[in-house]
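Architecture and fold: a report
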Amino acid sequence: MIRIKLTSIAVDDQARGRAFYVDTLGFQVKHDIPMGPVSWLTVVSPADPDGVELSIEPGGQRPEFRKFQDWMREQGIPWTAFAVDDIDAEYERLSGLDVEFRGPPADMGPTRGCTLDDGCGNLIMLYQG
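Let me begin by describing the structure that accompanies this report. This is a predicted model, so every value here is computed, not measured.

Of all residues except glycine, most have a negative phi; of all peptide bonds, most are trans. Non-glycine residue Asp 98 carries a positive phi angle of around 65°. Relative to the helices and strands, Asp 98 is located in the loop between helix 3 (87–96) and strand 6 (106–108).

In structure tokens, the structure reads:
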């Protein structure tokens with residue numbers, strides 16, 4: 001059986017990415033292994049520390065990555081999506097931390113969601129399902 005155990009997001013600055021995904025969103029570091037000027041850095045939800053890991057990949061040094069990242073943002077396409085228990089409460093909490101959103105939570109069929117800017121070149125969708 002195939003399972004998702006690790007997924008990744010490429011950021012334009014790994015240190016800024018770590019600060020956002022850990023200090024702002026609230027993930028916890030699972031692995032931080034130095035590899036020259038960057039790290040093998042993964043984070044997990046504190047609610048599921050043995051669950052799916054998110055690798056914070058250094059991508060900003062590569063112009064082809066930057067071009068794709070810019071295209072995704074221009075199209076308004078989130079790189080990934082994270083589930084939350086209460087979208088309205090999470091929107092308020094993160095807004096209070098000066099996270100930039102594309103708009104407030106809205107109904108999207110059977111769920112509610114909103115899109116935020118991670119400050120590292122990516123749009124991220126939050127949803128409550």
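So, on to the sheet that holds strand 2 (residues 28–35). The strand order across the open sheet built from 4 strands is 1-4-3-2, with neighbouring strands paired in mixed fashion. Lying at the two open borders of the sheet, with one neighbouring strand each, are strand 1 (6–11) and strand 2. When strand polarity is set aside, the average angle formed by the axes of neighbouring strands in this sheet is 25°. In the packing of helix 1 (residues 14–24) onto the sheet, contacts are made with strand 1, strand 2, strand 3 (38–44) and strand 4 (53–58), and the angle to strand 4 comes to roughly 155°.

So, about the packing of aromatic side chains. This structure, assessed with the given rule, holds 7 aromatic pairs. Ring centres 6.5 Å apart and planes at 85° place the aromatic pair Tyr 21 and Phe 82 in the edge-to-face group. Residue Tyr 21 is found in helix 1, and its partner Phe 82 is found in strand 5 (residues 80–83); the two are separated by 61 residues along the sequence. One exposure class covers both Tyr 21 and Phe 82, and it is buried. Ring centres of Phe 68 and Trp 71 lie 6.3 Å apart, and the angle between their planes is 20°; this geometry places the pair in the stacked category. Taken together, the positions of Phe 68 and Trp 71, both in helix 2 (residues 63–75) and 3 residues apart, correspond to about one turn of that helix. Given the relative accessible area of 40%, Phe 68 is considered partly exposed. In textbook terms, an aromatic cluster arises when at least three aromatic residues are bridged by ring pairs, as seen for Phe 20, Tyr 21, Phe 27 and Phe 82.

This part is about a nonpolar patch on the surface. Taken together, the side chains of Leu 6, Ile 33, Met 35 and Trp 40 define a hydrophobic patch exposed on the protein surface, amounting to about 370 Å² of accessible area. Following the sequence through the fold, Leu 6 ends up in strand 1.

For the rest of this paragraph, the subject is the pairing of strand 3. Burial analysis of strand 3 places 5 of its 7 residues in the buried class, which makes it a mostly covered element. The hairpin turn running from strand 2 into strand 3, its antiparallel successor, is 2 residues long, and Gly 36 in that turn takes a positive phi close to 75°. Relative to strand 4, strand 3 runs antiparallel, the two sharing 2 bridges. Across the sheet, Val 43 pairs through a bridge with Leu 54, a residue of strand 4.

In this section: helix 3. Those residues of helix 3 lying buried are Ile 87, Glu 90, Tyr 91 and Leu 94. Seen end-on, helix 3 carries its buried residues on one side only, within an arc spanning 105°. Exposed residues pointing more than 90 degrees away from the buried face of helix 3 are listed as Glu 92 and Gly 96. Summarising the contacts, the buried residues of helix 3 are in contact with helix 1, strand 7 (111–117) and strand 8 (123–128).

The rules behind these values
- Residues numbered from 1 in each chain as written.
- Predicted model: local features only at pLDDT ≥ 70, side-chain atom pairs only at ≥ 80, totals over all residues.
- Heavy atoms only, no water.
- Helix = DSSP H or I, 4+ residues; strand = E, 2+ residues; numbered from the N terminus.
- Pairing = 2+ DSSP bridges.
- Axes fitted to C-alpha atoms, helices over the stretch in contact; angles between N-to-C directions.
- Contact = heavy atoms within 4.5 Å.
- Phe/Tyr/Trp six-rings, centres within 6.5 Å; stacked < 30°, edge-to-face > 60°.
- Buried < 20%, exposed > 50% of the residue type's maximum accessible area, 1.4 Å probe, protein only.
- Patch = residues over 30% accessible without salt bridge, like charges linked within 9 Å, V, L, I, M, F, W, Y side chains within 5 Å.
- Areas by Shrake-Rupley, 256 points an atom, 1.4 Å probe, with all protein chains shown as cover.
- Salt bridge = Lys/Arg side-chain N within 4 Å of Asp/Glu carboxyl O.
- Arc of directions from axis to C-beta.

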